[in-house]
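Observations on the three-dimensional arrangement
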Amino acid sequence: MAAFTERMASVLLLWLAVCLSGTWAVDKGNFKTCDQSAFCKRQRALKPGESPYRALLETMELTNTRLTLQLINDNNKVRLLLELYRLQGNITRVKINELKPLKPRYEVPDVLIREPPTEPLSLLSQDENGVVLSLGAEYQRVIVSARPFRLDIMEGRDVLMSLNSRGLLAFEHLRMRKDTFSYKVTSTVASVWDNIKRVFSSQADPEGEKKEEADPANQAETAKEEEEKVEDGMWEESFKSHADSKPSGPSAVSLDFSLPGVEHVYGIPEHADTLRLKTTDNGDPYRLYNLDVFQYELYNPMALYGAVPVMLAHNAQRTTGIFWLNAAETWVDISSNTAGKTVFGKMLDYVQGSSETPQTDVRWISESGIIDVFIMLGPTPKDIFSQYASLTGTQSFPPLSALGYHQCRWNYNDQKDVQEVDAGFDEHDIPYDFIWLDIEHTDGKRYFTWDPHKFASPKEMLQGLVDKKRKMVAIVDPHIKVDSNYKIHNEIRSRGFYIKNKDGGDYEGWCWPGSAGYPDFTRADMRAWWASMFAYDQYEGSMENLYTWNDMNEPSVFNGPEVTMHKDAMHGAWEHRDVHNLYGFYVQMATAEGLIQRSGGVERPFVLTRAFFAGSQRYGAVWTGDNAAEWDHLKISIPMCLSLGLVGISFCGADVGGFFKSPSSELLVRWYQTGAYQPFFRAHAHLDTPRREPWLFGPENTALIREVVRQRYTLLPYWYQQFYQAHQTGQPIMRPLWVEYPQDPATFAIDDEFLIGRDLLVHPVTEEGARGVTAYLPGKDELWFDVHTFQKHNGAQNLYIPVTMSSIPVFQRGGSIIPRKLRVRRSSTCMEHDPYTLYVALNPQRTAEGELYIDDGHTFNYEKKEFILRKLSFAKNILSSVNIAPDAQFSTRSWIERIIILGASKPSKVTLKTAGGQESQVEFEFDASMSVLTLRKPGMNAGVDWSVTLQ
């Protein structure tokens, strides 16, 4: 009977999944528009105008670290508390909360890596209209205007950003529902008590009553709120068949920001849209609400799997950023005074001397919580990345093997299938590092288990991979099968770790296992317990080469509203609506901690997550979810990963080949060629698609795929170095051109090409049947070298490049030195001790520089200064390697076997000088037609000082 029930549950779930996926296209009716989200509709109905809020300057308190000031809403007399902080590193923090909320409002914990350090604020001037405060550097100041309340951040005479300049600050205060019995009792008691107080106080002090009435503070406290119109959706709301009880009533917050001089804004992922954000005047705002969206639609502002509430604004003079720290459902409206103007229209404005300065206005609307916003003032893109990293941390430093190629599908059928796929890579001479198992590897969708028939001896399977220096990832989702014979479920239930429904019972929803409970990852004790489940003696069959993938962690609830959890579910004292966008962040945090703990804190984890929030970069990688085998989905993977990189999440990739549907061989090859140059490189496919291992599309396509996967492996030293830098500094790895060329407007909207670090420019071929692509090579004083042909091109030009199926347009910047390993083996670990080839691309000044970073590739020992970091420089015909981390200690067996200098002249001789002072001649070849000098087998160790002189 139990087996029959389980089979029926599987059939029902498959039917439910088919209903959700429809014909493999998103059913927009499953997801709310702004008009269907009551708080968004309510807030959006407010139009720009005079703000009802004014600052009560007499309440201002200024300490060394912060300013506090009360704001009052003249319509309802509710007071707010404004807190203003000047933070280290050119950041201003603005917090607004109710002065006396009926109960505490949610403030997001755990996302900031520490309480941000402050710097002194000083008062420059004050009068009845407002106050002016100094922000220290370069004539920066904050002007707080009193009536109406408004904040302006200025530098010299320039306004950098204004808050509430359009009067859209809104703060729905917590209140009691007036048609409830408890409200009537409370009101009656309060009214009686007020009358008693009045009688006694007037007898004791006849003047007192008059004083009390005259005191504006008392008036504000005791004045009855003006009767506020009760609108639909304030106290309960329904969507399709789902009801939201809204026990706290309306609690939305909203604030507008004006950005003078700005036409380009970026960020607020995750959306399947262009890199440059569009204006939203004629449609829905961009939505931030983590959702499981089957085969999402492209080029619209619908919510997807993750939410990072960070926006960057850029023009040729400055970059600024806004970090809106709120984990509730959030909508972001963008408008611009230049939107919709054609190039001709802008030229006409210029000719006619139109004085209108471009301006972008942004409005954030969140369902609950408080306003807590960090204004990052740059002024450069790199400053913004450093500022944001100082708040939420940097990209985790992954094991080197995680930067190799990952082979995945839903699902590899059994151990024999895994073994055959693994052997197929060796047979076809294609390297890979990780093979993946999806949900079918478990015993009936019970995570932390193995199917007893298909995966009867997981350790034997894992050992087979260890023997080839390869690894595995297995899925562990956060929905737990409700089954009294399942240890994980019993433990969570007995410890009271499940999220509760509004009535206090364990919340249950439908997901892959059937009826499932959802652990409350917002609890530190729950996360600690979850982490402990990854210990080798708890997770049976696991070994040190098994890593983890957290899917469905939005959380996905098949029978829930919008395929997610009911907002009135409870996480202790807080409603799910308050914490929703944090859920996936906490799941990945707990999983990464588990992988670290199981090794005694020695080994770096690898965890992939689908849902994410600000700070998720600290815990691993993300991917762009359930895409489709379509050319437009290949194209959109570029701006999607670029947007994530801008907000700190560098370890991004898309399912190579597309998850849904079946790619043509041309699309599959082009996707491999694109994915090989994105940070996370994984092929993945849906259960119902034909198999698509790289050798199944004929020998020609196998050869094309083999070639690009091998290109990835030769570049691993450069990728690894970029991840080290991202981990140290917060700079993105895959970056838009404008980040490196911030004063070149031609780069501001480009999102079909990108840079890896500073020095590699990639323009993937993403059009079907393409015979050529046009790449923009930036930098008027730059040179760019085609990495395949070594042909030299000038910067600041649009270059037409003829392409064939083997073409991947990639260019190395003149002035850079890039290390590669050209001996490609079956996995990255097999290449650990192999020699390096240095590619030196000279700029017009005939100089170049780069770095070489080496460590053990998998432990945290780099934190103990066990690594090599060397600066490679070419100037005055001398190429040298110098230690730039003299306090670090590490040794390597790798050596330099070749140096290729692009843009070189022919020397008469080449001399190597090593640290001990020994000199020797180096063999070389010179290709005069391409100006390429190749030095063969100089032979020095990669970790020591040396110089090579061209004479």
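This text goes with the structure placed above it.
Attention here is on the structure that accompanies the text.

Each value, and the rule that gives it
Residues numbered from 1 in each chain as written. Predicted model: local features only at pLDDT ≥ 70, side-chain atom pairs only at ≥ 80, totals over all residues. Heavy atoms only, no water. Helix = DSSP H or I, 4+ residues; strand = E, 2+ residues; numbered from the N terminus. Rg over C-alpha atoms; globule rule 2.2 N^0.38 Å. Buried < 20%, exposed > 50% of the residue type's maximum accessible area, 1.4 Å probe, protein only. Contact = heavy atoms within 4.5 Å. Areas by Shrake-Rupley, 256 points an atom, 1.4 Å probe, with all protein chains shown as cover. Lys, Arg positive; Asp, Glu negative; His and termini not counted. Charge placed at Lys NZ, Arg CZ, Asp CG, Glu CD. Pairing = 2+ DSSP bridges. Disulfide = S-S within 2.5 Å. Phe/Tyr/Trp six-rings, centres within 6.5 Å; stacked < 30°, edge-to-face > 60°. Axes fitted to C-alpha atoms, helices over the stretch in contact; angles between N-to-C directions. Salt bridge = Lys/Arg side-chain N within 4 Å of Asp/Glu carboxyl O. Expected span 1.5 Å × (residues − 1). Core = buried A, V, L, I, M, F, W, Y, C linked by side-chain atoms within 4.5 Å. 1 Å grid on protein atoms, 1.4 Å probe; cavity = no way out; pocket = protein on both sides within 12 Å on 5 of 7 lines; lining within 4 Å. Points joined across faces, edges and corners; volume = space filled by probe spheres on them. Nonpolar A, V, L, I, M, F, W, Y, C, P; charged D, E, K, R; others polar.

Of regular secondary structure, the protein chain possesses 18 helices and 53 strands. A compact globule built from 951 residues would reach a C-alpha radius of gyration of about 30 Å, and the protein chain, at 30 Å, matches this within 12%. Overall, the protein chain is about 105 × 80 × 55 Å in size when its C-alpha atoms are taken along their principal axes. Out of the 951 residues in the protein chain, the part that is buried amounts to 60%. In the protein chain, 72% of the contacts between residues at least 6 apart in sequence involve partners at least 24 apart. As presented, the protein chain carries roughly 36600 Å² of accessible surface, and 51% of it is formed by carbon and sulfur atoms. Across the protein chain, 100 positive and 122 negative side-chain charges occur, with their mean positions spaced 3 Å apart.

All right, on to the pairing of strand β14 (residues 264-267) then. Where burial is concerned, the two faces of β14 agree: the one with H264 and Y266 and the one with V265 and G267 are both buried. The pairing of β14 with strand β16 (residues 310-314) spans four bridges and is antiparallel. Note on β16: the bridge partner recorded for G267 is M311.

Moving on, we come to the state of the cysteines. Scanning all chains against the criterion turns up two disulfides. The residue that forms a disulfide with C641 is C652, at a sulfur-sulfur distance of 2.0 Å. Judged by the sign of its S-S torsion, about -75 degrees, the cystine formed by C641 and C652 is left-handed. Taken together, the residues span a long stretch of sequence, with C641 in helix α14 (residues 631-646) and C652 in strand β32 (residues 652-653) at a distance of eleven residues. By the burial criterion, C641 is buried, and C652 matches it. By sequence order of its bonded cysteines, the protein chain has the disulfide arrangement 1-2, 3-4. Looking at C408, it has no disulfide partner, and the nearest cysteine sulfur is the one in C652, 16 Å off. For C408, a relative accessible area of 2% corresponds to the buried category.

Right, let's talk about the packing of aromatic side chains for a bit. Scanning the entire structure with this criterion turns up 50 aromatic pairs. With a centroid separation of 5.0 Å and 90 degrees between ring planes, the pair formed by F397 and Y862 is classed as edge-to-face. Of this pair, F397 sits in the loop between α7 (381-392) and β21 (405-407) while Y862 is found in the loop between β45 (848-854) and β46 (868-875), placing the two residues 465 residues apart along the sequence. By relative accessible area, which is 4% here, F397 ends up buried.

Ordered in space as β32-β31-β30-β27-β23-β22-β21-β34-β33, the nine strands form an open sheet in which the pairing is parallel. Edge positions in the sheet fall to β32 and β33 (655-656), since each of these pairs with one other strand and no more. Pairing analysis gives two bridges linking β21 to strand β22 (residues 434-437), with the strands arranged parallel. Within the sheet, the bridge partner assigned to Q407 lies in β22 and is I435. Here helix α13 (residues 583-598) sits on the sheet and contacts β27 (546-550), β30 (607-609) and β31 (621-623); the angle it forms with β27, its principal contact strand, is near 170 degrees.

Considering all chains together, one arrives at 63 salt bridges under this definition. Residues E98 and R105 are paired through a salt bridge, measuring 2.7 Å at the closest nitrogen-oxygen approach. You can call R105 buried: its relative accessible area is 6%. One salt bridge in this structure joins D856 and R604, with 3.9 Å as the shortest N-O distance. Taken together, the positions of D856 in the loop between β45 and β46 and R604 in the loop between α13 and β30 put the pair 252 residues apart, joining distant regions of the chain. Both residues of the pair, D856 and R604, belong to the buried class. Connected through shared salt-bridge partners, D244, R287, E329, E367, E562, K567, E575 and R577 make up one network.

The next point concerns unusual backbone geometry. For the bond running from R147 to P148, omega is -5 degrees, close enough to zero to count as cis. With respect to the secondary-structure elements, P148 resides in the loop between β7 (140-145) and β8 (150-155). In the segment running from P269 into E270, the intervening peptide bond is cis, with an omega of 25 degrees. Tracing the backbone shows E270 in the loop between β14 and β15 (286-288). Phi at K469 takes a positive value of approximately 60 degrees, unusual for a residue other than glycine. With respect to the helices and strands, the residue K469 is situated in the loop between α9 (458-467) and β23 (471-475). Phi is positive for R846, which is not a glycine, with a value near 60 degrees.

With respect to the helices and strands, P736 occurs in the loop between β35 (734-735) and α18 (737-740). The spacing of P736 and I638 is 98 residues in sequence and 9.6 Å in space, taken between C-alpha atoms.

Counted at 1.5 Å a residue, the expected span for α7 with its twelve residues is 16 Å, and the 17 Å between its end C-alpha atoms agrees. When α7 is considered as a whole, its buried residues turn out to be P381, I384, F385, Q387, Y388, A389, L391 and T392. Count one or two residues on from α7 and you reach G393, which has phi positive near 90 degrees.

With that out of the way, let us pick up the nonpolar core. F323, W530, F606, Y672 and Y677 are the most contacted members of the largest nonpolar core, which has 177 residues in total. Beyond its immediate stretch of four places on either side in the chain, F323 contacts V111, L112, P309, V310, D372, V373, F374, M376, Y388, L391, T392 and A614. Formed by 50 residues, the second largest nonpolar core is a distinct cluster that contains Y53, F257, A313 and I371.

Empty space among the atoms becomes visible once a probe the size of a water molecule is rolled across them. In the structure shown here, the tally under the stated rule is eight cavities of 30 Å³ or more. What lines the largest cavity is a set of 14 residues, and nearest its centre among them are K32, F239, D244, P561 and K567. Those elements giving two or more residues to the lining of the largest cavity turn out to be β11 (237-239) and β12 (242-244). Of the residues contributing to the lining of the largest cavity, the split by class is five nonpolar, four polar and five charged.

Moving on, we get to the sheet that holds strand β42 (residues 810-813). Taken in spatial order, the six strands make up an open sheet running β35-β36-β37-β42-β39-β40, and their pairing is antiparallel. Only two strands of the sheet have a single partner each, and these edge strands are β35 and β40 (792-794). Of the strand pairs in this sheet, strand β37 (residues 760-762) and β42 are connected by three bridges, and their pairing is antiparallel. Within the sheet, the bridge partner assigned to L760 lies in β42 and is Q812.

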